[in-house]
Amino acid sequence: MLPLWEHAILMTVRVIARGTLNDFVQNRVERKLQGAVKDQLDAWYAEAVEAKWRSSAELKAQYGSASIVSSERVVFNIKGNDYRLIVAINYHYQVLLIKWPGTHKEYDQIDAEKVEYEKERHANPSN
């Protein structure tokens with residue numbers, strides 16, 4: 001049995017890792033679009049960390065344009081439909097793992113069910 005304060009922590013979604021979103025914007029998005037994309041990802045993040053999704057149906061009720069790929073994979077549309085964000089989510093533990101952010105064009109070239117996070121893809125190319 002968990003102490004009461006731990007129940008409160010587990011009630012909302014924990015998003016891992018925001019740094020992936022920031023690195024994506026900084027290193028993979030055209031400079032002139034960075035502000036708009038960052039604003040959209042920040043808005044999505046703010047909503048996600050306050051969410052209490054217990055199922056894909058609850059998530060879909062909030063994000064009607066999200067695509068439920070499997071029981072654990074969801075694709076969100078970012079900035080209209082210009083960008084896609086693939087996440088893995090464990091509804092029981094309320095943990096969401098960012099797997100892949102990218103453009104719609106890049107998304108068309110991957111398998112959303114199988115794609116995994118690649119740190120090198122989001123690294124600063126000048127390093």
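As shown above, the structure is provided for reference.
As the structure is a computational prediction, the values presented were derived from the model and not from experiment.

Any two side chains of opposite charge can pair if their charged atoms end up close together. The final tally for this structure, using the stated rule, is seven salt bridges. A salt bridge links Lys32 to Glu30; its shortest N-O distance comes to 4.0 Å. With relative accessibility at 70%, the residue Lys32 sits in the exposed group. When the shortest N-O distance is used, the salt bridge between Lys79 and Asp82 registers 2.9 Å. When salt bridges with common partners are traced through the structure, they connect Arg18, Lys38 and Asp42 into a single cluster.

Turning to the sheet that holds strand E1 (residues 14–16), a few remarks are in order. Spatially, the five strands line up as an open sheet ordered E1-E5-E4-E3-E2, and their pairing is mixed. Both edges of this open sheet fall to E1 and strand E2 (67–68), since each of them pairs with a single strand only. Bridge count between E1 and strand E5 (residues 95–103): three bridges; the pairing is parallel. When the sheet's bridge partners are listed, Val15 is paired in E5 with Leu96.

Attention shifts here to the pairing of strand E3 (residues 73–78). In regular strands, side chains alternate between the two faces of the sheet. Counting buried positions along E3 yields five of six residues, so the element is predominantly enclosed. As defined by bridge partners, E2 adjoins E3 across two bridges and the pair is classed as antiparallel. Its bridge partner being in E3, Ser67 is matched across the sheet by Val75. Between E2 and E3, which pair antiparallel in sequence order, lie four residues. Two elements, E3 and strand E4 (residues 83–90), share six bridges in a ladder whose sense is antiparallel. In the sheet register, Arg73 faces E4, and the bridge partner there is Ala88. Linking two consecutive strands that pair antiparallel, namely E3 and E4, is a turn of four residues; a positive phi of about 55 degrees is found at Lys79 within it.

Procedures and definitions
- Residues numbered from 1 in each chain as written.
- Predicted model: local features only at pLDDT ≥ 70, side-chain atom pairs only at ≥ 80, totals over all residues.
- Heavy atoms only, no water.
- Salt bridge = Lys/Arg side-chain N within 4 Å of Asp/Glu carboxyl O.
- Buried < 20%, exposed > 50% of the residue type's maximum accessible area, 1.4 Å probe, protein only.
- Pairing = 2+ DSSP bridges.
- Helix = DSSP H or I, 4+ residues; strand = E, 2+ residues; numbered from the N terminus.

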